[in-house]
Protein chains: 2
Amino acid sequence: MAAPRFRRRKADRPAELTAAAMNEFAENGYDATPVEAVARRAGVSKGLLYLYFKTKEDLFKAVVRSFVMPRVERLVRAIDDTELGVADFLRGPFLEVARELPRSKARHLVRLLIAEGHKHPDLTRWYWENVVSRGLGALRRLIARGVASGELRPSALERYPQLLVSPVMLSVVWMLVMQPHAKLDTDGFIEAHVDLLLSALLAEESP
Amino acid sequence: MAAPRFRRRKADRPAELTAAAMNEFAENGYDATPVEAVARRAGVSKGLLYLYFKTKEDLFKAVVRSFVMPRVERLVRAIDDTELGVADFLRGPFLEVARELPRSKARHLVRLLIAEGHKHPDLTRWYWENVVSRGLGALRRLIARGVASGELRPSALERYPQLLVSPVMLSVVWMLVMQPHAKLDTDGFIEAHVDLLLSALLAEESP
DNA sequence: CCACTTGCTGACCGACCAGTCATCAATTAA
DNA sequence: TTAATTGATGACTGGTCGGTCAGCAAGTGG
């Protein structure tokens, strides 16, 4: 009967703690979140958290890694495995992901990286190597394929795949900062950007 | 002779303090900067700072206002007073400002707004009304002029003047987060974006 | 049922910091 | 020269928080 005051669950704790931390950090930011709040949210004491993570910074890194990693995998694979032409892929699956990001909880991670990144160089380096670099690399391959097949004309897009991503970045920042005061239809905005880009870059419109 | 231990300089203090705060906040962020560090940098005591600013947040707001206001004025006037056609303005003065921002100290203000904005709704509201809204408004007028004169064809750019700004946003964030690990030629990137946009939107290339 | 291991707790410590205030000294007016 | 004013100081307070650790109790093996 007497419910035990706690239960040993060594295996699940780390994931529970990073999940709790993700939520807490997203709501209040890194500095402003006491470690104890994370522990409380995970239904656990502060001391326990320090059994699984050496420092608060350590926890932060684990949050980023665990949240971001699977999403990147999926995206890169989607780009490399697609059977679609470039235009169809951009207007289809790419647009879908691009439109979802500014709404998703992940946008708060972007805030954290911008806000705290410069204090954690090894974290941003990891982020560069595992997220940005791989994502841009996949986009670059997609574009190269389009140029090789004659679907796209050669252009600066080959050098700057960021051209595809910049409206997503702006949308994320807009949602984080301006949204309470001024709405932006990020869906329409991002789609308009892709359309304009394609209209400048499609080699030939077939009738 | 004996140099006095301090001098009364009521008039200059606020500007000196906001300047010192701008630098300190840019280097370390808002939360991580003790008020005393700002005072020390301005060569005064902490107590004095509290004679001119009621709270630390108050100081923060003053920093943003004093730093941003004059620059917005200049930009909006440049757009509204130009004699140039849209394409020439975008490839000329606009490009110049757009390329400078990611390098300038102002990029750190962007970080502060992203990092701390959600905790200071009245500040972001002020920023919307005095910076973003006015800047986008001026761009919108520029575009409308171009469409009216037949230089540009009608397009989503009229609805989303943000299309012109998004690569600047991405460049700023890149400089803040990724620059130590991976260089981006933000000049070339932003110019490429403007070129692509114009090549999609110029009504007719005259020979 | 007992002894042993170990996941877990929560009180505690030291450091830091926003904001206050009693006091001082540069300046100004009398 | 002196008195009144006020710009400026810096020690202090109350509170917060990251990180520690001595001990407790849930599980485990005999």
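First, a word on what this report is: a plain description of the structure on this page.

Thresholds, definitions, all that
- Residues numbered from 1 in each chain as written.
- Chains lettered and ligands numbered in written order.
- Predicted model: local features only at pLDDT ≥ 70, side-chain atom pairs only at ≥ 80, totals over all residues.
- Heavy atoms only, no water.
- Helix = DSSP H or I, 4+ residues; strand = E, 2+ residues; numbered from the N terminus.
- Buried < 20%, exposed > 50% of the residue type's maximum accessible area, 1.4 Å probe, protein only.
- Contact = heavy atoms within 4.5 Å.
- Salt bridge = Lys/Arg side-chain N within 4 Å of Asp/Glu carboxyl O.
- Phe/Tyr/Trp six-rings, centres within 6.5 Å; stacked < 30°, edge-to-face > 60°.
- Near = heavy atom within 4 Å.
- Polar contact = N/O pair within 3.5 Å; in protein donor to acceptor, adjacent residues only side chain to side chain.
- Nonpolar A, V, L, I, M, F, W, Y, C, P; charged D, E, K, R; others polar.
- Buried area = accessible area lost by both parts, 1.4 Å probe.

1. Brief notes about the overall build of chain A
Turning to step 1, where the next piece is worked out: The secondary structure content of chain A amounts to nine helices and zero strands.
Turning to step 2, where the next piece is worked out: For chain A, the α and β elements follow one another from N to C terminus as α-α-α-α-α-α-α-α-α.
Turning to step 3, where the next piece is worked out: Seen along its three principal axes, the alpha-carbon backbone of chain A occupies a region of about 75 × 40 × 40 Å.
Turning to step 4, where the next piece is worked out: Looking at the 207 residues of chain A, the share that counts as buried comes to 54%.
Turning to step 5, where the next piece is worked out: Nonlocal contacts in chain A, meaning residues at least 24 apart in sequence, comprise 68% of its contacts between residues at least 6 apart.

2. Brief notes about the pattern of salt bridges
Residue and element names in this part refer to chain A.
Turning to step 1, where the next piece is worked out: Enumeration according to the criterion identifies 34 salt bridges over all chains in this entry.
Turning to step 2, where the next piece is worked out: Ionic pairing is found between R9 and E16, a salt bridge with its closest N-O pair at 2.2 Å.
Turning to step 3, where the next piece is worked out: Residue classification places R9 among the partly exposed positions, given a relative accessible area of 34%.
Turning to step 4, where the next piece is worked out: Residue class for E16 comes out partly exposed when judged on its relative accessible area of 26%.

3. Re the packing of aromatic side chains
Turning to step 1, where the next piece is worked out: Under the definition given, this model contains twelve aromatic pairs over all chains.
Turning to step 2, where the next piece is worked out: Taken together, a centroid distance of 6.0 Å and an interplanar angle of 80° make the contact between F25(A) and F60(A) edge-to-face. One end of the pair, F25(A), is in helix α1 (residues 13-28); the other, F60(A), is in helix α4 (residues 56-81), and 35 residues separate them in sequence. Note on accessibility: F25(A) and F60(A) belong to one class, buried.
Turning to step 3, where the next piece is worked out: Taken together, a centroid distance of 5.9 Å and an interplanar angle of 75° make the contact between W174(A) and W128(B) edge-to-face.

4. Quick look at the protein's contact with DNA strand D
Turning to step 1, where the next piece is worked out: Around DNA strand D, the surrounding shell holds 24 residues, and the nearest of these are R8(A), K46(A), R7(B), R8(B) and R9(B).
Turning to step 2, where the next piece is worked out: Near the protein, meaning within 4 Å, the atoms of DNA strand D are sugar or phosphate in a fraction of 62%, with bases accounting for the rest.
Turning to step 3, where the next piece is worked out: Here T33(A) contributes a backbone N or O atom positioned 3.4 Å from a phosphate oxygen of DNA strand D.
Turning to step 4, where the next piece is worked out: Between DNA strand D and the protein, one listed contact pairs a phosphate oxygen with a side-chain N or O atom of K56(A) at 2.7 Å.
Turning to step 5, where the next piece is worked out: At the level of secondary structure, the elements contributing two or more residues to the surface near DNA strand D comprise α3 (46-52) of chain A together with α3 (46-52) of chain B.
Turning to step 6, where the next piece is worked out: The element contributing the most residues to the surface near DNA strand D is α3(B), with four residues.
Turning to step 7, where the next piece is worked out: Considered class by class, the residues forming the surface near DNA strand D number nine nonpolar, four polar and eleven charged.

5. Brief notes about the interface of chain B and chain A
Frequently, the measure chosen for interface size is the accessible area removed from exposure when the parts meet.
Turning to step 1, where the next piece is worked out: In this complex, chain B contributes 45 residues to the contact, which on the side of chain A involves 45 residues.
Turning to step 2, where the next piece is worked out: With both chains or domains summed, chain B and chain A bury close to 3900 Å², and 78% of this area falls on carbon and sulfur atoms.
Turning to step 3, where the next piece is worked out: Looking at the side of chain B facing chain A, the largest losses of area belong to I114(B), H181(B) and L196(B), adding up to 17% of the total buried there.
Turning to step 4, where the next piece is worked out: Where chain B meets chain A, there are two salt bridges.
Turning to step 5, where the next piece is worked out: Counting the contacts that link chain B with chain A gives nine residue pairs in polar contact (both at pLDDT 80 or more).
Turning to step 6, where the next piece is worked out: Going through the elements one at a time, α1 (13-28), α6 (106-116), α7 (121-148), α8 (162-177) and α9 (186-201) of chain B are the ones with two or more residues in the side of chain B that touches chain A.
Turning to step 7, where the next piece is worked out: Ranked by residue count, the leading element in the side of chain B that touches chain A is α8(B), at eleven residues.
Turning to step 8, where the next piece is worked out: Here the side of chain B that touches chain A is composed, by residue class, of 29 nonpolar, nine polar and seven charged.

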